[in-house]
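Here are the chains, one letter per residue:
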Amino acid sequence: MHTAVVAAAIRSRESPRAMVDALDPSLLTPAIWSELFEIFQLHYSADLPFLHPPTFLKPLRQATMQPPAIITMPEKPVNVRPPGSDEFLLAFLALTARFHPVIVAHHSPQTSLRPSNPLIASEYYACAANRPEQDGGNQSIEMIQAALMLGLHEWGMCRGFKAWVRIGLAIRGAQAMGLQYEKDLDDEPNSRSMALDSEAERMGLSGAGRNHSFSSSAGEGNAFIEQEIRRRTFWSCYVMDRYLSSGKYRPQMLHARELRIQLPASERSFLFAEKVRTLMLGESERMAAERSEVHGHRQAAMSSNGYQGGGYAPSSPPTPRQNGDDDKEGRLEAGADEGLVSRYIRVLEIYGKVVQWSCSGGRRTEEYPPWDPRSEHQKLLGLCHDFKASLPRQHILSPQNTQAHISMKTQTPYTLVHTVYLLCQIMLHREYVPFIPIRCKKPEGPLDPPLFPKDRYDVPHGFWEDSARQLFQSARSIMDLVQTCQEWNALVETPIV
């Protein structure tokens, strides 16, 4: 009897559909694929910004524009789907299926005993993507993207360790392909590329750094799109690494000082295939100008010595020269022109440092009191302050800006930028608020060691009150942001939110 009950419980959490029908075109019509793409853009376009909308939607739009006589003649539905391997599309479905009522009802029909369960649909596609026959022999951009999507799915299912391991495999694959290096930014391009190629051959990776997510014909627009997709795939690895790495037993795998790759271009440049330059993580405009000057001198010296770059396998395909002298390398997107996804990665770098500080002991590891500029607490608050001060007016958190970004469909990176920033504030200020302040009439610092008694420390006037005020204001701001998005039916539903 007990076995039968357990078996019934397991079946209630599984889809009744066969795995061989995972990409059934009668269910996954072009219209359904287009709706799933909109779902992906709403919830995951900042964490996984590598999908290029025109490229993904092109075959779907072409199918919907076919004459009725052509699309109704076959006995079975025509298999029209977005570009990508089965594994890639199944991983995409693992993230998006739970939000689509038609797919949820297909995999978890409502009965008199239980309602439809959206998680059953997502688990079905995740299991299909994880089948042994889906494992590819050679590493590729698509395989890395699929692993990232499945890792995010595992995290959303509260399987943090499994997600961390899967993301780790995706990061190693990206590193083996050399995605963390770009030709124009690499300090020693020839030596590093030769090492990557020889190592890739030993690992059985064919053409390291040259497999593309989407094939395209020659042309400056397509070349930039492929370059940006590869770049955004690597930064997706970075985003997931910052979210899932914490504490002693889950160390971060990617470090800004070791990366030689520019930040993602703005969404506008990505959509219109406009070649642009951006800063590297942790780099200022002045540092970028100095780096560009040094690189120009190095290139001139190498050319004068007859070096033509032979043997270099660039992380990204070179983009042909555009019209105009200033377009040879593309305009610089920095300052007010910097894209929101780029800013999101910047605030995640701060978030990673705050998490490391908190997991390593927080205030208990500090040598100086929290108001001292030499304390790590103050340094981290300074990074947060500088980031907030760098935001242009249209990206500052306010009800008007939130509504404007929702109207422009840019609320996903906007919401995540401010959510992560506010979480940093909460973690930093919560450290010095008593866990249960039942003996306090007002904020007066921690009640357990290390303490800061007034007879030993010259506490600045109003320091504890101001710290507590910022803590609760940050929590209130997150609630207001979520409420506004809910009212506009545009809430980003990712694990961090």
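Scroll up a little and you will see the structure.
Attention in this report is confined to the structure presented alongside it. (Residues numbered from 1 in each chain as written. Predicted model: local features only at pLDDT ≥ 70, side-chain atom pairs only at ≥ 80, totals over all residues. Heavy atoms only, no water.)

**A few points about the overall build of the protein chain**
The secondary structure content of the protein chain amounts to 18 helices and two strands. Taken over 497 residues, the protein chain has a buried fraction of 48%. Within the protein chain, contacts between residues separated by at least 24 positions form 74% of all contacts whose residues are at least 6 apart in sequence. For the protein chain, the exposed area adds up to about 25100 Å²; of that, 55% sits on carbon and sulfur atoms. (Helix = DSSP H or I, 4+ residues; strand = E, 2+ residues; numbered from the N terminus. Buried < 20%, exposed > 50% of the residue type's maximum accessible area, 1.4 Å probe, protein only. Contact = heavy atoms within 4.5 Å. Areas by Shrake-Rupley, 256 points an atom, 1.4 Å probe, with all protein chains shown as cover.)

**Side note on the nonpolar core**
Ranked by size, the top nonpolar core spans 105 residues in total, and within it Leu28, Tyr125 and Tyr344 carry the most contacts. Top contributing element to this core by residue count: helix H14 (residues 340–359), with ten residues. With sequence-adjacent residues up to four places away left out, Tyr125 is seen in contact with Ala22, Leu27, Leu28, Leu90, Leu93, Ala94, Ala97, Ile103 and His107. (Core = buried A, V, L, I, M, F, W, Y, C linked by side-chain atoms within 4.5 Å.)

**So, the environment of Leu423**
Positionally, Leu423 belongs in helix H17 (residues 411–430). With a relative accessible area of 23%, Leu423 lands in the partly exposed category. The spacing of Leu423 and Ile478 is 55 residues in sequence and 8.5 Å in space, taken between C-alpha atoms. Among residues more than four places away in sequence, those in contact with Leu423 are Ile478 and Ile496.

**So, the packing of helix H2 (residues 30–44) against helix H3 (residues 53–64)**
For the pair H2 and H3, the least separation of the axes is 9 Å and the interaxial angle reads 155 degrees. Here H2 lies roughly antiparallel to H3, going by the angle between them. The two elements H2 and H3 meet at a crossing, and its hand is left-handed. Two secondary-structure elements touch here, H2 through Pro30, Trp33, Ser34, Phe37 and Gln41 and H3 through Pro53, Phe56, Leu57, Leu60, Ala63 and Thr64. (Axes fitted to C-alpha atoms, helices over the stretch in contact; angles between N-to-C directions. Parallel < 35°, antiparallel > 145°, perpendicular 65-115°, else oblique. Left-handed = near helix turned anticlockwise from the far one by under 90°.)

**What about the environment of Lys275?**
The residue Lys275 is located in the loop between helix H12 (267–272) and strand E1 (276–278) in this model. Its relative accessible area of 14% is what places Lys275 among the buried residues. Separated by 57 residues in sequence, Lys275 and Leu332 have C-alpha atoms that sit 9.5 Å apart.

**A closer look at helix H7 (residues 118–129)**
Given a rise of 1.5 Å per residue, twelve residues ought to cover 16 Å, and the 17 Å separating the end C-alpha atoms of H7 matches this to within 8%. Every buried residue of H7 is accounted for by Ile120, Ala121, Ser122, Tyr124, Tyr125, Ala126, Ala128 and Ala129. At its buried positions, H7 is contacted by helix H5 (86–96), helix H6 (101–107) and helix H8 (141–156). Its side-chain oxygen at 3.1 Å from the backbone nitrogen of Leu119, Asn117 defines the N-terminal cap of H7. (Expected span 1.5 Å × (residues − 1). Polar contact = N/O pair within 3.5 Å; in protein donor to acceptor, adjacent residues only side chain to side chain.)

Fair warning: the whole summary comes from geometry, so function is off the table for now.
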